[in-house]
Amino acid sequence: MRNVISLARREILAYFGSPVAYIAIAVFLLLLGVVFFFRIPFLLPKEDFFEAREATLRPLFEWMVFLFTIILPAISMRLLAEERKLGTLELLLTLPLTETEVVVGKFLGALGFLGVAAALTLPYPLLVLALGSPDPGPLVGGYFGVLLVGAAYLAVGLLTSAWTQSQITAFLTAIALCAALTFVDRLPEAVGLPALEAARMMSFHHHFQSIARGVLDTRDLVFFLSVVVGALALAGHSLESRKWK
Amino acid sequence: MIEIRNLVKDYGPIRALNGVSFTVEKGEVVGFLGPNGAGKTTCMKILTGFIAASSGTVTVAGMDVVTHGLEVRRRIGYLPENAPLYTDMTPREYLSFLGSIRGISHQELPDRIQRVALRVGIVPVMDQEIGTLSKGYRQRVGLAQAMIHDPDILVLDEPTSGLDPNQIVEIREVIRDLGQDRTVILSTHNLPEVTATCNRIVLIHKGQVRADGTPDAITARHGGGNTYRLEIQVPEGSPDPRLALGSHPEVAEVTPLEVPGATGRVFRVAAKGEEDLRPSLFRWSVEAGWTLLESRRERLDLEAIFQRLTLS
């Protein structure tokens, strides 16, 4: 456990010891501010469209999820790909550490970044709450959902970072995977109802919405936790597979 | 301390190691020698648990590197080839990060870091970013990292590659110093390094051990030792000494050598056996009526042995 914390600490220090974290957070907050205050509507499903025009927090969180599909892969891309490139992976994996500890430590470090980024968005919804609609339910639900989706993105990003030594490849693959897994619920109706239903069950966005609505369903929680655990397990396995190449 | 048995490693269709076996005793400094691509690095990667062998076993202090990986890795300090380091950290941060992963307590850590820094000579650069350090200093930071937990065994993959001659001498001194109280395996294709730092050599070529022993034992065993150089003054009118030498029962072959400026005629004589032929060659010359000006048993030096064993 101490190993994992040492690893996570090193990742957080690496993020905030270089401009990467600050730039990513600045861009994120700026874009979020623009789309939020200019009330650029998010591509919501039809039934949500009218709701979106009200003074609600929903678009804020929807936009956060959307921006995270780009920002978080940029954060996770270096986690293992950089180690591979520098050759330090060999050092790391010949320390008395298991692959699982390495992967979990790295993931927690990235989660630290997510925590900071999410916390810094707090002024936006607080401002909205101060101006009216004082229901804190959607606020809590929204953040909870955003953090879960973010954690899932980081886990997927960590997985793609374990596959390659090229950060840009890890980045683009993660964006593609995250976007696909998120918006798979927007398949055209032509694919047929069973396919649509199946797609919804797999969609990050679908599960996020149900959490953001303020209904905490264990199924949604279990879904995101499974994605995180699954992606981390695959990443650990991918690290281990080096042994037999 | 380390026992390597029948190690085989295939990278796809390429066999990098083909039945490597040797053991290393506690306190030995072993030079792992061989041309590039001989399998040195592969062997070290298996020893440190970074990759798995296709077959064969490696045990460290009686523990298998695969089934007891964590315990084995606790006892080993490893400097991979090219000393990979986190360039964004300072040596102090780096060593404290690795020290904490190695399970050194926070109270003990600063003291421990100071001690290894002194030993490898990186005290002046401890708070400078690693990315800005010279190759020599980086190599030392890598060494410091390998010994932060005071391991029984140090595995160093080409610790002096890419260094200038002064740095090489300095790093060698550090290694020799370290080797006094622990087991060291270092790989190199640099021969002076081996004679300067190691008390044992394992030479591998094409994934197989070609020679194993102290530098002296290897020179004796593979350095020929059974050819002689004779310079003889032959009186006018006597028969060709080649024939007479060739009729000696222990002589396998006689080759005349063209040596400019030699007083007598010079021959290289190859013996059949290993025993020293000089006394008998001396008597043989006297009986034939020659004057023996020089008789020298020829040995190849390590460099020539290296070439002989790896160029075939």
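Residues numbered from 1 in each chain as written. Chains lettered and ligands numbered in written order. Predicted model: local features only at pLDDT ≥ 70, side-chain atom pairs only at ≥ 80, totals over all residues.

1. Section: the overall build of chain B
Definition in use: Strands here mean DSSP runs of E at least two residues long; helices mean DSSP runs of H or I at least four residues long; both are numbered from the N terminus. The globule rule is 2.2 Å times the number of residues to the power 0.38, and the radius of gyration it is compared with is taken over C-alpha atoms. In this scheme the burial state of a residue depends on its C-beta neighbours within 10 Å: 20 or more other such atoms mean buried, 12 or fewer mean exposed, and anything in between means partly exposed; the C-beta positions come from the backbone. Here the contact rule is simple: place C-beta atoms from the backbone, and any two residues whose C-beta atoms are within 7 Å are in contact.
A count of helices and strands for chain B gives 11 helices and 14 strands. Computed over its C-alpha atoms, the radius of gyration of chain B comes to 26 Å, more than 25% above the 20 Å expected for a compact globule of 312 residues. Dimensions of chain B along its principal axes, counting C-alpha atoms only, are 90 × 45 × 35 Å. Looking at chain B as a whole, 39% of its 312 residues qualify as buried. Across chain B, every contact between residues at least 6 apart in sequence was considered, and the portion connecting residues at least 24 apart equals 67%.

2. Section: the sheet that holds strand β1 (residues 2-11) of chain B
How we decide: DSSP-based pairing: two strands are paired if at least 2 bridges between them are found.
Across the sheet, which stays open at both edges, the 4 strands sit in the order β2-β1-β4-β5 (chain B) with antiparallel pairing between neighbours. Two strands bound the open sheet, and with one partner strand each, they are β2 (14-24) and β5 (63-64) of chain B.

3. Overview of helix α1 (residues 40-47) of chain B
All names here are of chain B. Across the 8 residues of α1, 8 count as buried, placing the element largely inside the fold. Buried within α1 are the following residues: K40, T41, T42, C43, M44, K45, I46 and L47. Remark: G49 follows α1 within two positions and exhibits a positive phi of approximately 85°.

4. Things to note about the confidence of the model for chain A
All names here are of chain A. Rules: Residue-level confidence of the predictor is what pLDDT reports, using numbers from 0 through 100.
Summary statistics for chain A give a mean pLDDT of 88 and a share of 92% for residues scoring 70 or more. At the level of individual helices and strands, chain A shows its lowest average pLDDT in helix α7 (residues 123-131), which scores 81, and its highest in helix α6 (residues 99-120), which scores 96. Counting contacts from residues 44-54, a segment whose pLDDT is below 50, to residues more than four positions away or on other chains yields 9 contacts.

5. Examining the interface of chain B and chain A
Each partner contributes residues to the interface: chain B has 19 residues there, and chain A has 19 residues. Elements supplying a minimum of two residues to the side of chain B that touches chain A: α2 (69-75) and α3 (91-101) of chain B.

6. A word on unusual backbone geometry
Trans is the prevailing form of peptide bonds, just as negative phi is the prevailing case for residues other than glycine. Residues and elements named next belong to chain B. A positive phi angle, close to 40°, is found at A83, a residue other than glycine. Topologically, A83 is positioned in the loop between β6 (76-79) and α3. Residue class for A83 comes out buried when judged on the 25 C-beta atoms lying within 10 Å of it. Unusually for a residue other than glycine, E158 sits at a positive phi of about 50°. Position of E158 relative to the elements: it lies in the loop between β7 (153-157) and α6 (165-178). Judged by the 24 C-beta atoms lying within 10 Å of it, E158 is buried.

7. Examining helix α4 (residues 109-120) of chain B
Residues and elements named next belong to chain B. Selection criterion: An expected span of 1.5 Å times one less than the residue number is assigned to each helix.
End to end, α4 covers 17 Å across 12 residues, agreeing with the expected 16 Å (1.5 Å per residue, within 8%). Those residues of α4 that are buried lie in contact with α3, α5 (135-147) and α6. Looking one or two residues beyond α4, the residue adopting positive phi is G121, at roughly 75°.

8. Things to note about the pairing of β1 of chain B
Residue and element names in this part refer to chain B. Relative to strand β4 (residues 55-60), β1 runs antiparallel, the two being bridged by 5 bridges. Of the residues in β4, the one forming a bridge with R5 is T57. Between the antiparallel neighbours β1 and β2 lie 2 residues, among them G12 with a positive phi of about 55°.

9. What about the environment of E173 of chain B?
Secondary-structure assignment places E173 of chain B in helix α6. For the pair E173 of chain B and G19 of chain B, spaced 154 residues apart in sequence, the C-alpha separation works out to 33 Å.

10. A closer look at the environment of E93 of chain B
With respect to the element layout, E93 of chain B can be found in helix α3. For E93 of chain B and K26 of chain B, which are 67 residues apart along the polypeptide, the C-alpha to C-alpha distance reads 32 Å.

11. What about the sheet that holds β7 of chain B?
Residues and elements named next belong to chain B. Convention followed: Only the stretch in contact is used when fitting a helix axis, every axis being a line fitted to C-alpha atoms; angles between N-to-C directions are given from 0 to 180 degrees.
Spatially, the 6 strands line up as an open sheet ordered β6-β7-β8-β3-β9-β10, and their pairing is mixed. What marks the edges here is a single partner per strand, and that holds for β6 and β10 (208-213). Adjacent strand axes in the sheet meet at a mean angle of 15° when their direction is disregarded. Taken together, the 5 bridges between β7 and strand β8 (residues 183-188) define a ladder with parallel strand orientation. Looking at the pairing, V155 lines up with I185 of β8. Strand contacts of α1: β3 (29-33), β7, β8 and β9 (200-205), with the helix running at about 145° to β7, the strand carrying the most contacts.

12. Quick notes on the packing of helix α3 (residues 58-76) of chain A against helix α8 (residues 137-163) of chain A
All names here are of chain A. Which entries qualify depends on this criterion: Roughly parallel refers to an angle under 35 degrees, roughly antiparallel to one over 145, roughly perpendicular to one between 65 and 115, and oblique to any angle outside these ranges. Should the near helix be turned anticlockwise from the far one by less than a right angle, the crossing is termed left-handed; should it be turned clockwise, right-handed. When residues are sorted by character, Ala, Val, Leu, Ile, Met, Phe, Trp, Tyr, Cys and Pro go into the nonpolar class, Asp, Glu, Lys and Arg into the charged class, and all the rest, Gly among them, into the polar class.
The contact between α3 and α8 brings their axes to 9 Å, and the two run at 20°. By the angle between their directions, the pair α3 and α8 is classed as roughly parallel. Between α3 and α8 lies a crossing of right-handed hand. Contact with α3, carried on its side by R58, F61, M64, V65, F68, T69, L72, P73 and S76, involves P138, G142, G145, V146, V149, G150, Y153, L154, G157, L158 and S161 of α8 and no other residues of that element. Partitioned by chemical class, the residues of the contact of α3 with α8 number 12 nonpolar, 7 polar and 1 charged.

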